Amino acid sequence: MMKPLLPVLSCLVVPEIFFTLLIATRPSFILRLLGSLALVYTTYYVAATYTTGDVARDWAIGSALGTQPFSAVILLWLTDPMKEFRYTSDPKPTPLGEKRSLGSRLYKALCILLNLRFVGLNVQLRHIPQAFQGTRSQFIQSRIFRILQCLLLIDLGQSFIYTHAEFFLQGTSAFPSGLHGHILHFVCQLSWVACAYAGLKLLYTITSLTCVSIGSPLLAGSPEQWPDMFGSWSDAYTVRRTWGRVWHQSLSRYCSTLGKVAALSLGGCPGSFFSSQIQVWVAFTISGIIHSFGDLMIGPQFTGRSIPFFLMNAAAITFEDSIFAVTRKMGLAGQTRISRVIGYTWVLMWFNYSLPTFYTWTLEAGLGKDEMLPFSLVRLLVPQRVEH
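Let me sum up the structure you'll find in this document.

Thresholds, definitions, all that
Residues numbered from 1 in each chain as written. Predicted model: local features only at pLDDT ≥ 70, side-chain atom pairs only at ≥ 80, totals over all residues. Heavy atoms only, no water. Helix = DSSP H or I, 4+ residues; strand = E, 2+ residues; numbered from the N terminus. Rg over C-alpha atoms; globule rule 2.2 N^0.38 Å. Buried < 20%, exposed > 50% of the residue type's maximum accessible area, 1.4 Å probe, protein only. Contact = heavy atoms within 4.5 Å. Areas by Shrake-Rupley, 256 points an atom, 1.4 Å probe, with all protein chains shown as cover. Lys, Arg positive; Asp, Glu negative; His and termini not counted. Charge placed at Lys NZ, Arg CZ, Asp CG, Glu CD. Salt bridge = Lys/Arg side-chain N within 4 Å of Asp/Glu carboxyl O. Core = buried A, V, L, I, M, F, W, Y, C linked by side-chain atoms within 4.5 Å. Polar contact = N/O pair within 3.5 Å; in protein donor to acceptor, adjacent residues only side chain to side chain. Expected span 1.5 Å × (residues − 1). Arc of directions from axis to C-beta. Axes fitted to C-alpha atoms, helices over the stretch in contact; angles between N-to-C directions. Parallel < 35°, antiparallel > 145°, perpendicular 65-115°, else oblique. Left-handed = near helix turned anticlockwise from the far one by under 90°. Nonpolar A, V, L, I, M, F, W, Y, C, P; charged D, E, K, R; others polar. Disulfide = S-S within 2.5 Å. Phe/Tyr/Trp six-rings, centres within 6.5 Å; stacked < 30°, edge-to-face > 60°. Lys NZ or Arg CZ within 6 Å of the ring centre and 35° of its normal.

### A closer look at the overall build of the protein chain
- Looking only at helices and strands, the protein chain features 15 helices and zero strands.
- Taking 388 residues into account, the globule formula puts the C-alpha radius of gyration at 21 Å, and the protein chain, at 22 Å, falls close to it.
- For the protein chain, the spread of C-alpha atoms along the principal axes amounts to about 65 × 60 × 50 Å.
- Burial status across the protein chain gives 45% buried among its 388 residues.
- In the protein chain, the proportion of contacts linking residues at least 24 apart, taken out of those at least 6 apart, comes to 75%.
- In the form shown here, the protein chain has an accessible surface area of approximately 20300 Å², with 68% of it arising from carbon and sulfur atoms.
- Here the protein chain holds 30 positive side-chain charges and 19 negative ones, and the gap between their average locations is 10 Å.

Written as structure tokens, this is what we have:
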């Protein structure tokens, strides 16, 4: 049975306004509880009922919806943003809601919801790339160049996908075997990651360019408010650092915060191995659940297919941490050029092994068959081998 098309206003905009109102007004326990349950129900109902008509958009919007219940826990129950959050750049930082009108509180609450990494606040997430150092015009020029880079990377990735029918045979017995199969498998994954990485980066860069070009303080118009979405790939010499420093941190406020709460609740001493592992497993479990809402929006038969990938990565980090703990006891702590090379090799091998569990099942659902760009310069200039 075909799902109806997603009504954006009633299913995306109205719940966001309602959530904003809950944060700004901080109602009584009963009203917050009812409001939280309403947000959770709405999240599930929208993901299970509607479609955008595009598999990739369904996965993205469903996953974004999946953050709502966890955001409610943090912003309505674990913290009081209007009393506890402050902008560190203010000459005299004061609570966001202190002696402010309802309109001002609503605006501040909306800013908190949209500021996924809490940039500029006293609760800003760790390991966010350094803020841009330069003038507004330099920021604009650098972002225009970055947009062109992202478009080229997407075009290269999609050009490989759409000129190699084998990409859509991944996870099946029809995919080539032997050395050729291993090499092709690696390039297929690289193409998929390139599209995902550049696609996310493109949306973020366009948004930052638009806001800074307008220059209004109401629209985060300062370059310092837009640190890079991704970290440096030179940090990707452990699985932990790849997730915690290199990849985007858009989900960290849910995963990291709730992981720390779980560790403290279970008696974990901050900084201990036990506490660290609780945080890792809780964080990746939450990330898996969030992405499961994207699975659900694609189709109920796919619900939960993303979870194994995230649990595998939690296991990989536990393995890494155990190795590091042993080497420290042996007096082998410290980084060398050789250890870095070993680390990069390990990370490359790990994701080459684990990544298919995250995306190959989506090929069954039709993900990847729709073009991300309206035209391809690469395919215009380079002869095509196969056309889909």
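There's plenty left to go through after this.
### Some points on the pattern of salt bridges
- By the definition in use, this model includes seven salt bridges.
- With a closest N to O distance of 3.6 Å, E364 and R305 form a salt bridge. Highlighted residues: E364 in helix 14 (residues 356-365) and R305 in the loop between helix 11 (273-298) and helix 12 (307-329), separated in sequence by 59 residues.
- The class for R305 is partly exposed, based on a relative accessible area of 32%.
- Connected through salt bridges with shared partners, the residues R143, R146 and D228 form a single ionic network.

### Digging into the nonpolar core
- Core analysis: the biggest nonpolar cluster contains 42 residues, and F167, V239 and W243 have the highest contact counts within it.
- Sorting the residues of this core by element identifies helix 3 (55-65), helix 7 (136-162), helix 8 (178-214), helix 9 (239-246), helix 11, helix 12, helix 13 (337-354) and helix 14 as the ones contributing at least two each.
- Residues A72, Y87, A109 and I290 belong to the second largest nonpolar core, which totals 27 residues.

### Looking at the side chain of H185
- Among the structural elements, H185 can be located in helix 8.
- In this structure the side chain of H185 is engaged in a polar contact, spanning 2.7 Å, whose partner is the side chain of Q189.
- Setting aside residues up to four positions removed in sequence, H185 forms contacts with Q170, F175, N352 and P356.

### A word on helix 13
- With 18 residues, helix 13 extends 26 Å between its outermost C-alpha atoms, agreeing within 8% with the 26 Å of an ideal straight helix rising 1.5 Å per residue.
- Those residues of helix 13 that fall on the buried side of the exposure criterion are G343, V347, W350, F351 and S354. All buried residues of helix 13 lie within an arc of 90 degrees about the axis, which places them on one face of the element. Of the exposed residues in helix 13, those oriented more than 90 degrees away from the buried face are R337, I338, I342, L348, M349 and Y353.
- The inward-facing, buried residues of helix 13 abut helix 8, helix 9, helix 12 and helix 14.

### Quick look at the packing of helix 12 against helix 13
- Contact geometry of helix 12 with helix 13 gives a least axis separation of 11 Å together with a crossing angle of 155 degrees. If you check the angle between helix 12 and helix 13, you find them roughly antiparallel. Pair helix 12 / helix 13 crosses with right-handed handedness. Facing F309, M312, N313, A316, F319 and E320 of helix 12, the residues of helix 13 in contact are W346, W350, F351, Y353 and S354.
- Of the residues belonging to the contact of helix 12 with helix 13, the class tally is eight nonpolar, two polar and one charged.

### Considering the state of the cysteines
- On inspection of all chains with the given rule, the structure shows zero disulfides.
- Sulfur of C111: no disulfide; nearest cysteine sulfur belongs to C211 and is 10 Å away.

### Observations concerning the packing of aromatic side chains
- Under the counting rule described, the total for this entry stands at 28 aromatic pairs.
- Judged by centre distance (6.0 Å) and plane angle (90 degrees), the rings of Y237 and Y344 are edge-to-face. Of this pair, Y237 sits in the loop between helix 8 and helix 9 while Y344 is found in helix 13, placing the two residues 107 residues apart along the sequence.
- For Y237, a relative accessible area of 8% puts it in the buried group.
- Residue placement shows R32 over the ring face of W77; its charged tip is 4.5 Å from the ring centre.

### Examining the side chain of S292
- Summarising the element assignment, S292 is placed in helix 11.
- With sequence-adjacent residues up to four places away left out, S292 is seen in contact with T303, G304 and I307.

### A look at helix 6 (residues 102-114)
- Taking 1.5 Å of rise per residue, the 13 residues of helix 6 would be expected to cover 18 Å, and the 18 Å separating its terminal C-alpha atoms lies within 8% of that figure.
- Among the residues of helix 6, R105, K108, A109, C111, I112 and L113 are the ones counted as buried.
- In this fold, the buried residues of helix 6 make contact with helix 1 (8-25), helix 4 (68-78), helix 5 (81-84) and helix 10 (252-265).

### A look at the packing of helix 8 against helix 14
- As a packed pair, helix 8 and helix 14 sit with axes 12 Å apart at the nearest point and diverge in direction by 85 degrees. With respect to each other, helix 8 and helix 14 are oriented roughly perpendicular. Judged by residue contacts, H185, C188, Q189 and W192 of helix 8 engage P356, F358 and Y359 from helix 14.
- Within the contact of helix 8 with helix 14, the residues separate by chemical class into five nonpolar, two polar and no charged.

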